[in-house]
Amino acid sequence: MDVNDSKKYKAICKRYGEIKTPDGFPIIQGGYYDGEYFYIAFVHKDEEKFEKVRIGVLDKKLNVVRLSEVLPLDHANNITYV
């Protein structure tokens, strides 16, 4: 798309639900939805301000299906799923 394109775009958002974060991981830093599951990065900053992450897999009702071990990713701004 050309930056000079005169088309206007409109985004419509609605609240889907609430996610309960795992104990000790209060920040949601990124996520992905594949049409069946949500993949979400839950973050905790340690004493040295490094970010520890747990990746959660949630179903369509936002129930946790799987939760990774603590990962030393330091930043999980978004998740790419291939």
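Refer to the structure presented above.
Criteria and thresholds
Residues numbered from 1 in each chain as written. Predicted model: local features only at pLDDT ≥ 70, side-chain atom pairs only at ≥ 80, totals over all residues. Heavy atoms only, no water. Helix = DSSP H or I, 4+ residues; strand = E, 2+ residues; numbered from the N terminus. Core = buried A, V, L, I, M, F, W, Y, C linked by side-chain atoms within 4.5 Å. Buried < 20%, exposed > 50% of the residue type's maximum accessible area, 1.4 Å probe, protein only. Contact = heavy atoms within 4.5 Å.

### Describing the environment of glycine 17
No. 1: Mapped onto the elements of the fold, glycine 17 is located in the segment before strand 1 (27–33).
No. 2: Each C-alpha atom of the pair glycine 17 and leucine 62 lies 7.5 Å from the other, and the pair is 45 residues apart in sequence.

### Quick notes on unusual backbone geometry
No. 1: For lysine 49, which is not glycine, the phi dihedral falls at a positive 70°.
No. 2: In this structure, lysine 49 sits in the loop between strand 2 (38–45) and strand 3 (51–58).
No. 3: A positive phi angle, close to 70°, is found at leucine 62, a residue other than glycine.
No. 4: Mapping leucine 62 onto the fold places it in the loop between strand 3 and strand 4 (64–67).

### Observations regarding the environment of aspartate 23
No. 1: Mapped onto the fold, aspartate 23 is located in the segment before strand 1.
No. 2: With 21 residues separating them along the chain, aspartate 23 and histidine 44 place their C-alpha atoms 9.6 Å apart.

### Focus: the nonpolar core
No. 1: Counting residues in hydrophobic clusters, the biggest one holds six residues: Phe25, Phe38, Ile40, Phe42, Leu58 and Leu62.
No. 2: Counting residues per element, this core draws most heavily on strand 2, which supplies three residues.
No. 3: Residues contacting phenylalanine 42, with those up to four places away along its chain left out, are Ile19, Thr21, Pro22, Phe25, Ile27, Ile28, Lys52, Val53, Arg54, Gly56, Leu58 and Leu67.

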